[in-house]
Amino acid sequence: MKTIWIAPVALAAALAAAMPAQAQEKGNFIVRARAVHLDSADKDSTGLGLTINNKTIPEVDISMFITPSLAAELILTYPQKQTVSVGGAAIGTFKHLPPTLTLQYRPFPDAAIQPYVGAGVNLTYTMNNNMTALGKRVTLDAYSLKPALQVGVDIPVDKKWSINVDVKKIWLGSDVYLDGTKISHVKLDPLAISIGVGYRF
């Protein structure tokens, strides 16, 4: 599944140089609405099989062009509810808010199809912990600040509208506490695969 989504990005990069169009200019913005599938790595240091569910979430992002080749992108959504399981058995839920900021480089600023690569940071806040194990409360770190990488492409429909495909790797982890005592560290490190539409103004 992951390679199916990455293939259009690689193809777009190969075609981009051959399709001239108006370049992005400093001060231009693109606002996008995307559906994002989060596929977590779920690496638990205790070996107990601590996992969270994969899910598809809505997302809005804003790209501001600093130069025709450089853009800053802010990715936003509302707090998302996740189910936590140990050995396949659900132990409860928590919510997280994962804004991400990246700096993108576009190697073909004069092409119609616009592939890009980016790097930045993800700041994930966790809240509403509602998990129990062995009759004790389970909690996570309040926040995680980690790097993020991305590759994507904007495919124009007309001068204003475009289709976007984007893949991000986000390094995300948290210590796990049982009644306040650390018992584990879990690395979620999700792969975020998204598709959506964008509007340029």
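The preceding data block contains the structure.
Here we summarise the structure given alongside this text. It should be emphasised that the depicted structure is a prediction, and the values quoted were computed from it without experimental measurement. (Residues numbered from 1 in each chain as written. Predicted model: local features only at pLDDT ≥ 70, side-chain atom pairs only at ≥ 80, totals over all residues. Heavy atoms only, no water.)

### Some points on the pattern of salt bridges
One pass over the full model with this rule turns up eleven salt bridges. Note that D61 is salt-bridged to R32, the shortest N-O span being 2.6 Å. Taken together, the positions of D61 in strand 4 (residues 55-65) and R32 in strand 1 (residues 29-39) put the pair 29 residues apart, joining distant regions of the chain. Taking the shortest distance from any N to any O, the salt bridge between K168 and E73 comes out at 3.8 Å. One end of the pair, K168, is in strand 12 (residues 161-170); the other, E73, is in strand 5 (residues 70-76), and 95 residues separate them in sequence. Both residues of the pair, K168 and E73, belong to the buried class. Members of the salt-bridge network, linked through shared partners, are R32, R34, E59, D61, E73, R106, D154, D166 and K168. (Salt bridge = Lys/Arg side-chain N within 4 Å of Asp/Glu carboxyl O. Helix = DSSP H or I, 4+ residues; strand = E, 2+ residues; numbered from the N terminus. Buried < 20%, exposed > 50% of the residue type's maximum accessible area, 1.4 Å probe, protein only.)

### Focus on unusual backbone geometry
Despite not being glycine, D179 has its phi angle at roughly 50°, a positive value. Among the structural elements, D179 can be located in the loop between strand 13 (173-178) and strand 14 (181-187). Phi at D189 takes a positive value of approximately 40°, unusual for a residue other than glycine. Residue position: D189 is located in the loop between strand 14 and strand 15 (191-200). Exposure remark for D189: the relative accessible area of 9% places this residue in the buried category.

### Brief notes about the side chain of D175
With respect to the helices and strands, D175 occurs in strand 13. Of note is the side chain of D175, whose polar atom sits 2.7 Å from the side chain of H185. Those residues within four positions of D175 in sequence are excluded, and the remaining contacts are T139, L140, D141, K182, S184 and H185. (Polar contact = N/O pair within 3.5 Å; in protein donor to acceptor, adjacent residues only side chain to side chain. Contact = heavy atoms within 4.5 Å.)

Keep in mind that these numbers describe shape and distance, not what the molecule does.
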